[in-house]
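Report on the structure
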Amino acid sequence: MFSVPPNFYANCGGVIVKLSKLNCARTFFLTVRNNVDDYCPNLMRGIDYLKNPQFNKGLAFTMQERQALGIQGLLAANYKTLEEQLAICQFSVDRYKDPLNKYLYLTELQDNNERLFYELLATDVQKFLPIVYTPIVGLACQRFGLVYRRPRGLFITIQDKGRVASVLRNWPTTNVRAIVVTDGERILGLGDLGAYGMGIPVGKLTLYTALAGVPPAYCLPITLDVGTNTQNLLEDPMYIGLRRKRVRGEEYDSLIEEFMQACVKRYGQDVLIQFEDFALANATRLLAKYQKHYCTFNDDIQGTASVIVAGIIAATRITKRKISDNVYLFLGAGSAGVGIANLIVDAMAEEGTQTAEARKKIYLFDVDGFLSTKRKEAIPVHATHLAKDMEPTKNFEKFVGQVKATCLVGVSTVGGTFTPTILKQMAKNIDRPMIFALSNPTIKSECTAQAAYDNTEGRCIYASGSPFPPVNYNGKKYLTGQGNNSYVYPGIALGVLASRAHHAPDPLFLTAAKVLASNVTDDDLKLGRIYPSLGDIKCLSIKIAAGVMENIYKLNLASLYPKPKDSYQFVLDYIYDSSYKCYTPQFHEYPADTGIKVKTIKEMIDMYKAKNKKK
Ligand SMILES: NC(=O)c1ccc[n+]([C@@H]2O[C@H](COP(=O)([O-])OP(=O)(O)OC[C@H]3O[C@@H](n4cnc5c(N)ncnc54)[C@H](O)[C@@H]3O)[C@@H](O)[C@H]2O)c1
Ligand SMILES: O=C(O)C[C@H](O)C(=O)O
Ligand SMILES: [Mg+2]
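If you check an unreviewed UniProt entry, the chain appears there as Malic enzyme from Trichoplusia ni. Quoted verbatim from the Sequence similarities (unreviewed entry) heading of the UniProt record, the comment on the chain is "Belongs to the malic enzymes family."

Here is the structure:
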């Protein structure tokens, strides 16, 4: 008898072959490349199970697995169950007081043991979301020089022009289905963070998996490093990006064009490309340019619109006013502002209001004041259809009373701009004013939840982009909802991926809004929340994905045929299961052979001869 050391042998179609070290590494990469949940134990070296976060289970490897994989001794003797590991993780996160350290701990966990990371997030989404996502991810981006440790996401720089496809090929997985890309110019409300913006595509895609079950191997975060205009960063010794001013114009556009083509060439025409945190001029322009030619959407424009329209639909159950019965006033007329305004118009159209009439109910301010056709400053191109033939003004406070706004939408990137005077005026305008303070992170919020309640006699319907603690007003506790695109973009992406849609147009975002709104319970509304609890977010994302999928087929956008009979069940079967897999062979039991049994060779030959003699 001889024993096969697991390290340098592979089982190729039942034949054991010896691999050179080089082949071994190649075989391993091929295995990882081609599999998401599947794995081929015989083609991996034992140590690879520990080094690769997709497979690592730490002390949760059973003794049988440790022996079979050749990792016995590489781990401490003790075996820990997943539950025990989760308890240790919870304990570890709680030990850190500095939120950035919590972020770092979770990032390291994600880099070491992906399944444990996602299982941990699932234990308490409410607790962990603000760390891996907004607002702490904003802090992580600002300090990304400290955070950056190992490759999680791909950097493509302006210097790669002409070679983008070959840089993309360096990403080790071929089964990427979804890319979130930023150029770092408008990271939350924090401005131009250049290459430090990488935290955003990483965080957004973490939510693809945590909130919607998109397999992590399908996800690729990308930062296009075209420089930064933030002087502070150019002088920051820890800065990780190109030290140069931002590239604009033709050179920038041709990089984006090359990038889009390279993505499709490598990952197929239905690879989903989500644009995130681009500055206004590029965000709207690039969406218009690529929307009809690629499977792409802009989360800040379309995702945000979807979640806010959902909140507005849900609020109709409290206010008893139709969407078109409101007067909407925006502080901020950028990507998010105009995106929301446009989808409100679409939602009003479904109530039977003509587009021109609907637009009359929406007023916008930007940094230059009211979007009046008569003002001396130019109206941004993407917002001209919403400008009004009224006198120009820069006095937002006064305007709130002048137009009797019933819904305030803050997407200005400037914290505290919904002053107590403005909020009090809102309470005078209407019995249940809607206040959306959407700018992120928390310090950029136009007003806090508590301020909104305090200044509207507790009558407001409030939502914010970043989470706020519960509000106490007049001895009663209110839980305000988070009007954040994270409620919808993971579910929309899931629907697009599952049906292999080749486009992701606006109607899908209205569908998602309706599904989200219909999942707001009366209890949510009583608590003051126009969004469902985050506790059920995965279930919600699956419902959104199923609704989006139905619409994708209706609009003839799917590539997956035949159409699944039951979209909800199909999505359920599609999603990633983060629980640990067993790495020792599991054999299927087959029925025993009921034929003749012989004990010796002689017995068999005699039987054979006897049988042939008879003939
Ligand atoms: N909650 C969410 O899901 C969500 C989604 C997208 C964006 N946001 C937040 O909304 C903010 C804006 O995002 P965006 O993509 O629209 O950015 P943007 O840069 O495209 O637009 C910002 C707008 O605010 C205006 N503005 C700037 N300073 C102002 C001031 N002092 N007064 C009035 N207007 C002012 C600008 O002129 C511009 O119209 C950011 O803070 C972002 O984090 C939140
Ligand atoms: O990232 C978020 O939290 C929401 C949004 O996409 C933003 O840019 O602020
Ligand atoms: Mg964003």
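Next up on the list: the side chain of Asn52. One can find Asn52 in the loop between α2 (46-51) and α3 (63-69). There is a polar contact of 2.8 Å between the side chain of Asn52 and the backbone nitrogen of Gln54.

Turning our eyes to something else, we now look at the domain arrangement of the chain. When the domains of the chain are assigned, the result is domain 1 (153-298) and domain 2 (302-570). Relative placement of domain 1 and domain 2: their C-alpha centres are 26 Å apart. In this assembly, 32 residues from domain 1 lie in contact with 29 residues from domain 2. Across the domain 1/domain 2 interface, buried area totals approximately 2,500 Å², and carbon plus sulfur atoms make up 62% of it. Of all residues in domain 1, Arg177, Leu211 and Phe297 give up the largest surface area on contact with domain 2, accounting jointly for 21% of the area buried on that side.

Moving on to the UniProt feature "active site" (unreviewed entry) in the chain. According to UniProt, the feature "active site" (unreviewed entry) maps to Tyr133 and Lys204 in the numbering used here. What stands out for the annotated residues spanning 72 residues is how close their C-alpha atoms remain, the widest pair being 7.2 Å apart. Relative to the assigned elements, Tyr133 resides in the loop between α7 (125-132) and α8 (136-142). Take Tyr133: its relative accessible area is 3%, and that puts it in the buried class. Sequence-distant contacts of Tyr133, defined by excluding residues within four places in its chain, comprise Gly203, Lys204, Leu207, Asn484, Asn485, Ser486 and Tyr489.

Moving on, we come to the coordination of the magnesium ion (ligand 3). Distances from the magnesium ion (ligand 3) to its protein donors, namely Glu276 (OE), Asp277 (OD) and Asp300 (OD), fall within the range 2.1 Å. As a motif over one chain, the donors of the magnesium ion (ligand 3) read E-D-x22-D. Here Asp277 is found in the loop between β6 (272-275) and α14 (280-290), whereas its partner Asp300 is found in helix α15 (residues 299-319), with 23 residues between them in sequence. Across this residue pair, the class does not change: Asp277 and Asp300 are buried.

A separate point is empty space enclosed by the protein. A full pass over the atoms with the stated rule returns 6 cavities of 30 Å³ or more. Approximately 120 Å³ is the volume attributed to the largest cavity. Looking at the largest cavity, the residues that line it are Tyr103, Thr107, Asp111, Phe144, Val147, Tyr148, Arg149, Arg150, Arg152, Met198 and Val202. Mapped onto the lining of the largest cavity, the elements with two or more residues apiece are α5 (99-112) and α9 (144-147).

Looking now at the packing of aromatic side chains. On inspection of all chains with the given rule, the structure shows 26 aromatic pairs. These aromatic residues form a ring-pair network of at least three members: Tyr363, Phe365, Phe370, Phe396, Phe399 and Phe418. Above the ring of Tyr363, the side-chain terminus of Lys388 is found at 5.4 Å from the ring centroid. Directly above the aromatic system of Tyr553 lies the positively charged group of Lys563, at a separation of 5.5 Å from the ring centroid.

The angle between the axes and the distance between the axes are what describe a pair of packed helices. Running from N to C, α7 and helix α11 (residues 199-212) cross one another at 160°; their axes reach a closest spacing of 10 Å. Comparing the axis directions of α7 and α11 gives the class roughly antiparallel. Between α7 and α11 lies a crossing of right-handed hand. Residue-level inspection shows Val125, Leu129 and Val132 of α7 in contact with α11, the latter providing Gly203, Thr206, Leu207 and Leu211.

This next bit is on the sheet that holds strand β16 (residues 481-482). Here we have 7 strands laid out as an open sheet, ordered β10-β9-β8-β11-β12-β13-β16, and mixed in their pairing. The open sheet has two edge strands, β10 (369-370) and β16, and neither has a second partner.

A word on the UniProt feature "domain: Malic enzyme N-terminal" (unreviewed entry) in the chain. Here, UniProt's "domain: Malic enzyme N-terminal" (unreviewed entry) annotation points to residues 110-291. Within the segment residues 110-291, helix and strand shares are 47% and 11% respectively, and the terminal C-alpha atoms sit 32 Å apart.

Counting buried residues along strand β9 (residues 362-366), 5 of its 5 residues qualify, which places the element largely inside the surrounding structure. Burial of β9 is two-sided: the residues Ile362, Leu364 and Asp366 facing one way and the residues Tyr363 and Phe365 facing the other way are all buried. Inspection of the sheet shows strand β8 (residues 328-331) paired to β9 by 4 bridges, in the parallel sense. Among the inter-strand pairings, Phe330 is bridged to a residue of β9, identified as Leu364. Relative to β10, β9 runs antiparallel, the two being bridged by 2 bridges. Counterpart to Phe365 in the pairing with β10 is Phe370. Taken together, β9 and the strand that follows it, β10, pair antiparallel across an intervening segment of 2 residues.

Next up on the list: the sheet that holds strand β5 (residues 219-225). Spatially, β3-β5-β4-β6-β7 is the arrangement adopted by the 5 strands of the open sheet, whose pairing is parallel. Strand pairing shows two members of the sheet lacking a second neighbour, β3 (154-157) and β7 (296-298), which therefore form its edges. Neighbour to neighbour, the strand axes of the sheet diverge by 25° on average, direction disregarded. Note: strand β4 (residues 178-182) against β6, 4 bridges, orientation parallel.

Parameters at a glance
- Each chain has its residues counted from 1, running along the sequence as written.
- Working convention: letters from A go to chains and numbers from 1 go to ligands, in the order in which they are written.
- Totals for whole chains, interfaces and linings use all residues, but because this is a predicted model, local features are given only for residues with pLDDT of at least 70 and pairs of side-chain atoms are given and counted only at 80 or more.
- Excluding hydrogens and water, the side-chain figures rest on all heavy atoms present in the structure.
- UniProt positions are given in the numbering used here, feature names are shortened, and annotations may be inferred rather than shown by experiment.
- Secondary structure elements are defined from DSSP: runs of H or I of at least 4 residues count as helices, runs of E of at least 2 residues count as strands, and each element is numbered from the N terminus.
- For the purposes of these results, a polar contact is taken to be a pair of N or O atoms within 3.5 Å, where, inside protein, one atom must be able to donate a hydrogen and its partner to accept one; residues adjacent in sequence count only when each atom of the pair is a side-chain atom.
- Each domain span listed reflects an automatic or database assignment of domains.
- In this analysis, two residues are considered to be in contact whenever any of their non-hydrogen atoms come within 4.5 Å of each other.
- Once two parts are put together, the accessible area they lose, assessed with a 1.4 Å probe and summed over both, is termed the buried area.
- For each residue, the accessible area found with a 1.4 Å probe, counting protein chains only, is set against the maximum for its type, and the residue is called buried under 20%, exposed over 50%, and partly exposed in between.
- Here a donor is any nitrogen, oxygen or sulfur atom (N, O, S) within 2.8 Å of the metal, with 3.2 Å used for Na, K and Ca; water is not among the atoms considered, so some sites may look incomplete.
- Of the grid points, spaced at 1 Å and generated over the protein atoms alone, those admitting a 1.4 Å probe that cannot get out make up cavities, while open sets with protein on both sides within 12 Å along at least five of seven lines make up pockets; any residue with an atom within 4 Å of a point is treated as lining.
- Grid points are joined across faces, edges and corners, and a volume is the space filled by probe spheres set on the points.
- Here a Phe, Tyr or Trp ring, Trp counted by its six-membered ring, pairs with any other such ring whose centre lies within 6.5 Å, and the pair is stacked when the planes are under 30 degrees apart, edge-to-face when over 60, and tilted otherwise.
- Only when the NZ of Lys or the CZ of Arg is both within 6 Å of the ring centre and within 35 degrees of the ring normal is a charge said to sit over the ring.
- All axes here are fitted lines through C-alpha atoms, helices being fitted over the stretch that makes contact, and every angle between N-to-C directions spans 0 to 180 degrees.
- Small angles under 35 degrees read as roughly parallel and large ones over 145 as roughly antiparallel, with 65 to 115 read as roughly perpendicular and the rest as oblique.
- Handedness of each helix crossing follows the sense of rotation of the near helix against the far helix: counterclockwise by less than a right angle gives left-handed, clockwise gives right-handed.
- A pair of strands is labelled paired if DSSP reports no fewer than 2 bridges between them.

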